[in-house]
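Observations on the model geometry
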Amino acid sequence: MTAPLPRTIRWVGDTGGHLELLDQTKLPTEEVVLELRDVEGVVDAIARLCVRGAPAIGVAAAYGVVLGVRARAPTPQTFLGMVAEIANQLSASRPTAVNLRWALERCIGAAAERPNVDALLAEARAIQSDEELMSRKIGEHGAELVPEGGTVLTHCNTGRLATAGDGTALSVLFPAWRRGARFEVLADETRPLLQGARLTALELQREGIPVRVLADGAAAGLIRTGEVQLVIVGADRIAANGDFANKVGTSPLALACHAAGVPFYVAAPMSTFDLAVATGDDIPIEERDATEVTGLHGARVAPEGVGARNPAFDVTPHHLVTGIVTDIGVLKPPFSPHIKESAAGSR
């Protein structure tokens, strides 16, 4: 039996402890666990994608607040201001994933009620526990969508490496497989950093689920010819009308599914919804360093002097979405009233 991967996120010890993160930039060839003892290390790990995936980023940031406050030892009078300052530092590390700000707001709220490090650590642990529960419930609500004997296509990485629990889109596949459903997964390689080829394929392989890696540009053709029965992806932020941001390359999949009549689902916890954002046009899109596109594994692939655009995410409009699998159920169109009602009920 294949050994499981180390835990994606783990806090070791009490308030004097440290944060452990599985360095995802080293996978699949190396399994390196980072030991972080200051907030600067957490900011760097998030920015460099050592930890990634909206839910996992939020959990890591919550522990980052603990490390930052602990190091500065504020007085009760300055505690809340210090937490807010550290939260802003962490929030700037990746602007698109709303779970990051959601977790940090929870830390600020905890600090306002009890201005001490013990309360912050308890809140960070609660955030991690809540994310684990949400992952499990997403899987419970979405497992029946997986087609028996069919082919499922997914994009980027949405499993245990992206969350505190089983994942978002992959958390739908894991319980379906355990219950006896048999299917194949096509994992888009997900350029430019190959999260699908490096991470999703690894997770599915470890679970024993048949998986093949697919060049991103090949997906639409296979969807059109009927070789894919379901596409399911994650999300980093979902607007109030159901538009959502996810790893760049997601929107073309939705367009292809819409044209071919193939179900296209999003899987995300309620913490990924941002009701303050009316539509996807208002979601900030992170643009990363051009060298991620012009090079691959340290070797330049584009001619010297040629630049690149590198948006990390794209926005998919809600009318292309069949449904959104959440921890409280599967939301169907029309999304705006259902999202508003569900968000109110989950708070």
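Every value quoted in this text rests on a predicted model; they were computed, and no experiment measured them.

**As for unusual backbone geometry**
Looking along the chain, the bond that leaves R191 and enters P192 is cis, with omega of 10 degrees. Put simply, P333 and P334 share a cis peptide bond, and its omega is 0 degrees. Mapped onto the elements, P334 comes out in the loop between β16 (329-331) and α11 (335-346). In this model, L194 sits at a positive phi of 60 degrees, which is unusual for a non-glycine residue. Looking at where L194 falls in the secondary structure, it is placed in the loop between β5 (184-188) and α7 (195-207). We note that H297 has phi near 55 degrees; this positive angle belongs to a residue other than glycine.

**Quick look at the sheet that holds strand β6 (residues 211-214)**
Spatial ordering of the open sheet is given by β6-β5-β4-β7-β10-β15-β16, a layout of seven strands whose pairing is mixed. On the outer flanks of this sheet lie β6 and β16, each paired with one strand and no other. Neighbour-to-neighbour, the strand axes of this sheet turn through a mean angle of 25 degrees, independent of strand direction. When β5 meets β6, the two strands line up parallel, connected through four bridges. By the bridge assignment for β6, L186 is matched with R212.

**Some words on the nonpolar core**
Membership of the largest hydrophobic core comes to 42 residues, with the highest contact counts inside it found for L19, V65, L90 and L120. Elements that contribute at least two residues to this core include exactly β1 (9-12), β2 (18-22), β3 (33-36), α1 (39-47), α2 (54-72), α3 (79-91), α4 (98-113) and α5 (117-142). The element contributing the most residues to this core is α2, with 11 residues. With residues near it in sequence (within four places) discarded, V65 still touches V83, I86, L90, L104, C107 and L120. Counting residues in each nonpolar core, the second largest holds 28 residues, with L214, M270, L320 and L331 among its members.

About the cut-offs
Residues numbered from 1 in each chain as written. Predicted model: local features only at pLDDT ≥ 70, side-chain atom pairs only at ≥ 80, totals over all residues. Heavy atoms only, no water. Helix = DSSP H or I, 4+ residues; strand = E, 2+ residues; numbered from the N terminus. Pairing = 2+ DSSP bridges. Axes fitted to C-alpha atoms, helices over the stretch in contact; angles between N-to-C directions. Core = buried A, V, L, I, M, F, W, Y, C linked by side-chain atoms within 4.5 Å. Buried < 20%, exposed > 50% of the residue type's maximum accessible area, 1.4 Å probe, protein only. Contact = heavy atoms within 4.5 Å.

Shape descriptors only; they carry no functional weight alone.
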